[in-house]
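Reading the structure
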Amino acid sequence: MTDGVRLAMWSGPRNISTALMRAWENRPDTRVVDEPLYAYYLSQTGLNHPVRDAIIAAGQTSWRKVVAELTAPVEGVFYQKHMTHHLLPQLPRDWIPALTNVLLIRDPAEVVASYVRSRADVVAEDIGLVQQGELYDQLGAQVPVIDAADFLRNPEGYLRWLCEHIGVEFSERMLHWPAGRRHSDGVWAPYWYQAVMKSTGFEPYRPRPVTTSGAAAEAVARSRPHFERLYAVRVRL
């Protein structure tokens with residue numbers, strides 16, 4: 001194989017990450033992988049996520065094998081949808097600079113309000129902004145940061161920017177896709193992807209006023225400084 005582009009999109013949960021995966025998968029030159037470190041993460045933490053056992057059985061629990069696949073030579077574009085909270089402290093991160101990395105952020109209040117509808121327990125480390133801040137420190141100011149609200153106000157503009165950033169032609173096919181599940185979706189899709197499975201494109205941005213309390217409010221408060229820091233350096237079109 002020739003060495004193509006390994007595009008790693010680092011997000012937290014309840015963002016537009018699955019819709020972005022749909023957009024890239026709709027290109028004929030792109031293959032995608034959905035949260036390849038999820039099985040490893042669950043096997044190490046013992047957390048009781050929906051269909052935990054099925055995720056572990058279907059996935060790869062050896063981080064070394066996952067990393068070997070993520071960093072191997074590719075043809076075309078290899079789009080990697082990553083959750084930053086899967087980057088446990090004991091997981092080495094020296095392989096990440098071998099990828100073309102982008103950070104995808106979303107306001108933590110909106111993330112947490114959506115997250116607790118599927119899983120009641122939440123701490124700041126569950127929604128990934130803490131780890132996104134760590135990745136920004138590791139990769140330096142050259143790593144682009146894209147805010148989900150900005151993106152949804154101008155999907156075509158940001159997709160064109162991403163294509164130019166990695167050196168491929170923009171395709172109109174990235175703006176629309178068939179509804180339904182994909183073979184590439186993780187086995188957790190029925191629990192988390194209901195909206196995107198019904199979608200055929202990016203939904204217009206709508207502000208979502210939310211209120212949180214207790215542990216959810218604490219997760220938002222701890223995540224807020226990391227979000228504000230990254231938001232200040234985001235890509236603006």
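The structure under discussion appears in the preceding block.
Residues numbered from 1 in each chain as written. Predicted model: local features only at pLDDT ≥ 70, side-chain atom pairs only at ≥ 80, totals over all residues. Heavy atoms only, no water.

Below, the discussion takes up the pairing of strand β2 (residues 30–34). Side chains on a regular strand alternate between the two faces of the sheet. Burial analysis of β2 places four of its five residues in the buried class, the great majority of the element. In the sheet, β2 pairs with strand β3 (residues 77–83) via five bridges, with the strands oriented parallel. Along β3, the bridge assignment pairs Val33 with Gln80. (Buried < 20%, exposed > 50% of the residue type's maximum accessible area, 1.4 Å probe, protein only. Helix = DSSP H or I, 4+ residues; strand = E, 2+ residues; numbered from the N terminus. Pairing = 2+ DSSP bridges.)

The sheet built from five strands is open, its strands ordered β2-β3-β1-β4-β5 with parallel pairing. Here the strands that pair on one side only, and so sit at the sheet edges, are β2 and β5 (145–147). Within the sheet, the average angular offset between the axes of one strand and its neighbour, ignoring direction, is 25°. As paired strands, strand β1 (residues 5–11) and strand β4 (residues 100–105) are joined by four bridges and run parallel to one another. Note on β4: the bridge partner recorded for Met9 is Val102. Across the sheet, helix α6 (residues 129–139) is in contact with β1, β4 and β5; its angle to β4 comes to roughly 145°. (Axes fitted to C-alpha atoms, helices over the stretch in contact; angles between N-to-C directions. Contact = heavy atoms within 4.5 Å.)

Now for unusual backbone geometry. Phi at Glu35 is positive, roughly 50°, even though this residue is not glycine. The residue Val51 is not glycine, and still its phi comes out positive at about 50°. Turning to its location among the elements, Val51 is positioned in the loop between α2 (38–45) and α3 (52–58).

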